[in-house]
Amino acid sequence: MNNKSSKHTKVLILGSGPAGYTAAIYAARALLQPILVFGSEPGGQLTTTTDVENFPGFSKVIQGPWLMEEMKGQAQAVGTQMIQDHIKKVDLTKKPFAAYGDSGQVYTADSIIISTGAQARWLNLKSEQKFRGFGVSACATCDGFFFKEKEVAVVGGGNAAVEEAMFLTKFASKVHLIHRRNELRAEKLLQEKLKANKKINIIWDSVVEEVLGTSEPKGVNGIKIKNVKTNNLTDFKVDGLFVAIGHDPATALFKDQLKMDKEGYLITKPDSTVTNIPGVFAAGDVKDKIFRQAVTAAGMGCMAALEAEKHLSSK
């Protein structure tokens, strides 16, 4: 292989976002000269989040895209090489590891940090995309606070949907849980708690057909619901819609190479970012389906860089 088509690094970071950028900051400060390859959505899920109020260090509301730009700039300032490319294949079977980009570039690395993140599943309605960040959200812990004394709806039937609905009752005056079947998939104990909560109203056998709202000021003021058994349409007045139908981790690249759970999240050792292949680390939402916060992802990025450094120096 000639040098044009191949780039070698001690630490290759795949994916941006708080996990990737923080890993890059720590790896660069350890003089490991990391290369970070980011795809078509640099900054990850935070770039679709407008107001961020829970990232430590800022007493005023900050913007998600701004926070990601700052992290990226910080990682570059301390010596990270950033490259935009789409990785189509990785080979973790031999050392150095190799990642193949659509650009024709091959990246070889002594260690790899995977921070490719996850995407919330959406209902794929045009109206839903229109109001994303303006009343439509996939994260109650992030956005519940903005719905004090307002009515909201949650779509889904699993643990996540029930937990989001319960969490939202702290703020909202009423929470409608919309599920397309006539029973929930969530754990029985959670279901009992849910049904005991006076603020929650369950709407069975139903799907959201359309999100209703205004463009000036931009915001949600209702949803159109269809009963799947009768096909009846009903308009509901709500101020917000939370979609809780699951997340998809971006791990297809690593199938049959790295251990993952049945949902495709990478499995790491407890209290660690170490995967089943020595020298390969995973940080952020790609391995974490419990917390899914910017600050926890950043924390794992730090852990991954420190563990990668330790791995490299022990060789």
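Use the structure listed above.
Residues numbered from 1 in each chain as written. Predicted model: local features only at pLDDT ≥ 70, side-chain atom pairs only at ≥ 80, totals over all residues. Heavy atoms only, no water.

### Describing the sheet that holds strand E16 (residues 233–236)
- Pairing in this open sheet of 3 strands is antiparallel, and the strands run E14-E15-E16 from one edge to the other. Each end of this open sheet is capped by a strand with a single partner; those strands are strand E14 (206–215) and E16. Along the sheet, successive strands turn relative to each other by an average axial angle of 25°, direction set aside.
- Strand direction decides the pairing type here: E14 and strand E15 (residues 218–227), joined by 9 bridges, are antiparallel. Looking across to E15, one finds that glutamate 210 is bridged to lysine 224. (Pairing = 2+ DSSP bridges. Helix = DSSP H or I, 4+ residues; strand = E, 2+ residues; numbered from the N terminus. Axes fitted to C-alpha atoms, helices over the stretch in contact; angles between N-to-C directions.)

### Focus: the pairing of strand E8 (residues 106–114)
- With respect to burial, E8 is a largely interior element, 9 of its 9 residues being buried.
- Across 8 bridges, strand E1 (residues 6–14) lies against E8 in parallel orientation. Paired with lysine 7 across the two strands is tyrosine 107, which belongs to E8.
- Across 4 bridges, strand E7 (residues 97–101) lies against E8 in antiparallel orientation. Following the sheet pairing, alanine 99 is matched in E8 by tyrosine 107. (Buried < 20%, exposed > 50% of the residue type's maximum accessible area, 1.4 Å probe, protein only.)

### Regarding helix H1 (residues 17–29)
- In this model H1 runs 18 Å from its N-terminal to its C-terminal C-alpha over 13 residues, within 8% of the 18 Å that 1.5 Å per residue would give.
- Burial analysis of H1 places 11 of its 13 residues in the buried class, which makes it a mostly covered element.
- Regarding H1, the residues found buried are Gly17, Pro18, Ala19, Gly20, Tyr21, Thr22, Ala23, Ala24, Ile25, Ala27 and Ala28.
- Taken together, the buried residues of H1 touch E1, strand E2 (35–38), helix H2 (64–77), strand E5 (81–84), E8 and helix H7 (294–313).
- Where H1 terminates, the next one or two residues include leucine 31, which has phi positive at roughly 60°. (Expected span 1.5 Å × (residues − 1). Contact = heavy atoms within 4.5 Å.)

### Examining the packing of H1 against H2
- Contact pair H1 / H2: the axes reach a minimum separation of 8 Å and the direction vectors enclose 20°. Put simply, H1 runs roughly parallel to H2. Judged by the sense of rotation from one axis to the other, the crossing of H1 with H2 is left-handed. On H2, the residues touching Gly17, Pro18, Tyr21, Thr22, Ala24 and Ile25 of H1 are Met68, Met71, Lys72, Gln74 and Ala75. (Parallel < 35°, antiparallel > 145°, perpendicular 65-115°, else oblique. Left-handed = near helix turned anticlockwise from the far one by under 90°.)

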